[in-house]
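# Observations on the model geometry
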Amino acid sequence: MSILENIRGPRDLKALPETRLDELAADIRHFLVEAVARTGGHLGPNLGVVELTIALHRVFDSPADRVLWDTGHQSYVHKLLTGRQDFSKLRGKGGLSGYPSRAESEHDIIENSHASTVLGWADGLAKANQVLGRPDHVVAVIGDGALTGGMAWEALNNIAAAKDRPLIIVVNDNERSYGPTIGGLANHLATLRTTDGYERFLAWGKDRLQRTPVVGRPLYESLHGAKKGFKDAFAPQGMFEDLGLKYVGPIDGHDIAAVESALRRAARFHGPVLVHCLTQKGRGYPAAERDEADRFHTVGAMDPLTCEPLAPSNGPSWTSVFGAEMLRIGAERPGVVAITAAMLQPVGLAPFAAAYPGRIYDVGIAEQHAATSAAGLATAGLHPVVAVYATFLNRAFDQVLMDVALHKCGVTFVLDRAGVTGVDGASHNGMWDMSILQVVPGLRIAAPRDADQLRAQLREAVDIDDAPTVVRFPKETVGEAVPALERIGGLDVLRRDPRPDVLLVSVGALAGTCLAVAELLGERGLGVTVVDPRWVKPVDATLPPLAAGFRVVAVVEDNSRAGGVGSAVAQALRDADVDVPVRDFGIPPDFLAHAKRGEVLADIGLTPAEIAGRISATLARRNGVGVVGDASKELAPDDIV
Ligand SMILES: Cc1ncc(C[n+]2csc(CCOP(=O)(O)OP(=O)(O)O)c2C)c(N)n1
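The residue numbers shown here count from 1 along each chain, following its written sequence. Local features are withheld for residues below a pLDDT of 70 in this predicted model, meaning they are given only at 70 or higher, and side-chain atom pairs are given and counted only at 80 or more; totals for whole chains, interfaces and linings count all residues. With hydrogens and water stripped out, all remaining heavy atoms of the structure feed into the side-chain values.

Here we come to the domain arrangement of the protein. The parts lose accessible area when they come together, and the size of an interface is often stated as this lost area. An automatic or database domain assignment supplies the residue ranges for each domain. When its domains are assigned, the protein resolves into domain 1 (4-195 + 235-290), domain 2 (318-472) and domain 3 (489-639). The C-alpha centroid of domain 3 is placed 28 Å from the C-alpha centroid of domain 2. Counting from both sides, the interface comprises 36 residues of domain 2 and, opposite them, 33 residues of domain 3. What counts as buried area is the accessible surface, traced by a 1.4 Å probe, that two parts surrender upon association, with contributions from both included. Between domain 2 and domain 3, the buried area comes to about 2500 Å², and carbon and sulfur atoms account for 57% of it. Contact with domain 3 buries surface across domain 2, with Val420, Met431 and Arg449 losing the most and accounting together for 30% of the total. Criterion for a salt bridge: a side-chain nitrogen of Lys or Arg within 4 Å of a carboxyl oxygen of Asp or Glu. Scanning the region where domain 2 abuts domain 3 turns up three salt bridges. Residue contacts are counted whenever heavy atoms from the two residues lie within 4.5 Å of one another.

Pasting the structure below:
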């Protein structure tokens, strides 16, 4: 039995002799590589925090002491040490979440996955401790990447203001987000990393002076409490101390004893303390340690020996199609610049960055800044393309509205991972963009259905210089091309039937689903025409008059049903006095549990059979045709004739 298997909670960990901790760390690394290779997940970040997490759970008493993880992708070791060692279905349906989850454990205080929030949470919890007279510690672990987010700085400003309110910030500094962390803060951390002269001086002093009788200890104590100016003679304490935070570090984050000692010191301090730990992302797994792109930040299921994917991709991804087209656009249009929020590789901008290093900006995990900075670039005559995951644009809503749209700036937002993403759970689904962006005046949204459309619509978007545009597409592989039979106004007609029963409005990559729905309904004697509006905001003027000739209009979208394209189409029909019923099929406005994309789609009814069944039932309720049995009740797909 491995040592890890004997650790059923923090109490077992505390009981383990110090001499066995390195062995435990090795066990955990072995477990992580084997388990994450089987399911996919965040490997590199977790390999980097093995010792740090062991030390945290030995020094603090979770869950009474609140140990909080920023973003939460590095919480696997925390899970292992708090009684969760069945990783067989990690991120899969019914299995462990890839992030902290309150449903899983009392040791998970917050669940997030959107970065840079943890210091805000810690500030609130620490304030509550003060009000309620609770003596427990609040410990927030934040990466150097997440520390580039504006929210983190707003929190630091508040945390530093209360000198007598205990709160421990552990900076897990591995010098990387996905790629190397950029910016002034990263440079500052680099300075701190290399100037540990003061700590070394203290260590020397402790050793020498404490052995000196009578004057030794008092002298050491006074050195320890020395004034900042004196400390700066040995090492710049930098902006954290300038802000009013006690700074401890830098500490070797892979030396358990050193981290424990730093944390114990921090825990004795009655105010905000920042413990700066240096770690290595991907530590102990040579392939990850060597990987320049992202140190195996996230991996798919793979062979742990060769790192070959277990399920090779069956075609180009949406991301790679976007990346290749950006490269071509970059060559043709010197005024096009690109912005990433710390995700150069994942959003496909690496080829553009390599070709045009002077026209790419990695702003850090700072989506709000990305949007407003893009407004500045556009105002000066350039055309910025801001590429982010759809879910992360949520954070920049006000900037898109007030800075980009109000100023009529030609900025293109490219939203990758739109729609159901699945395994990363509730917060990673890109299911809100087409709802929240509906209210932004002048903004246009393109939802390409295939690679050709993505290329074409990206070009159409960067040609628009007087309004924001959005191009959104899902995760993973682009399917087969879906050709249009003709274009009417702005609508591509994908399937035509002379019988005017159903007008199916297909949004983006759900074209294949819609054509399958049409086939199912066709087999049952209903005439279905399928159109793809391409630009889903604003609703194309051709749509209401076309819809007027049908018995029912159905909109199928990979976005929340609340306020999405279906709602917009229904409103456009009402405004045009077109009295045809609209059925909208999309994602229910819930937080969806993690599972594979296909499983989630099936659970929420976004499958051809389910959609066909519901459309058929609508027609049956209205006219009593096309179904067997009682036409007034909701029908299962099998009831359709
Ligand atoms: C608001 C937001 N934007 C982007 C991301 C995507 N993202 C996940 S982890 C990560 C890098 C985090 O770096 P760091 O905090 O240093 O942690 P590390 O993975 O290096 O341990 C990024 C950019 C996110 N989770 N949240």
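Having seen it, we continue.
The rule for pairing is simple: two strands pair if DSSP sees at least two bridges between them. The way it works is that DSSP assigns letters per residue, a run of H or I at least four long becomes a helix, a run of E at least two long becomes a strand, and they are numbered from the N terminus. One open sheet accounts for seven strands, arranged E7-E6-E8-E9-E11-E10-E16; its pairing is mixed. Only two strands of the sheet have a single partner each, and these edge strands are strand E7 (360-362) and strand E16 (535-537). Neighbour-to-neighbour, the strand axes of this sheet turn through a mean angle of 25°, independent of strand direction. For strand E6 (residues 336-340) and strand E8 (residues 383-389), the ladder comprises five bridges, and the chain directions are parallel. Residue pairing for E8: Ala338 is matched across the bridge by Val385. Of the strands in this sheet, E6, E7, E8 and strand E9 (412-416) touch helix H18 (residues 367-379), which is tilted by about 165° from E8. Every axis in this analysis is a line fitted to C-alpha atoms, fitted for helices over the stretch in contact. Angles between the N-to-C directions lie between 0 and 180 degrees.

Here we come to the packing of aromatic side chains. Pairing of aromatic rings covers Phe, Tyr and Trp, the last counted by its six-membered ring, and requires centre-to-centre distances within 6.5 Å; plane angles under 30 degrees mean stacked, over 60 mean edge-to-face, and any other angle means tilted. Applying the stated criterion across every chain, the model contains nine aromatic pairs. Here the basic side chain of Lys246 rests over the ring of Phe269, its NZ or CZ set 5.7 Å away from the ring centre. Here, a charge over a ring means that NZ of Lys or CZ of Arg falls within 6 Å of the ring centre while also lying within 35 degrees of the ring normal. The ring centre of Tyr356 lies 4.4 Å from the NZ or CZ of Arg359, which sits over that ring.

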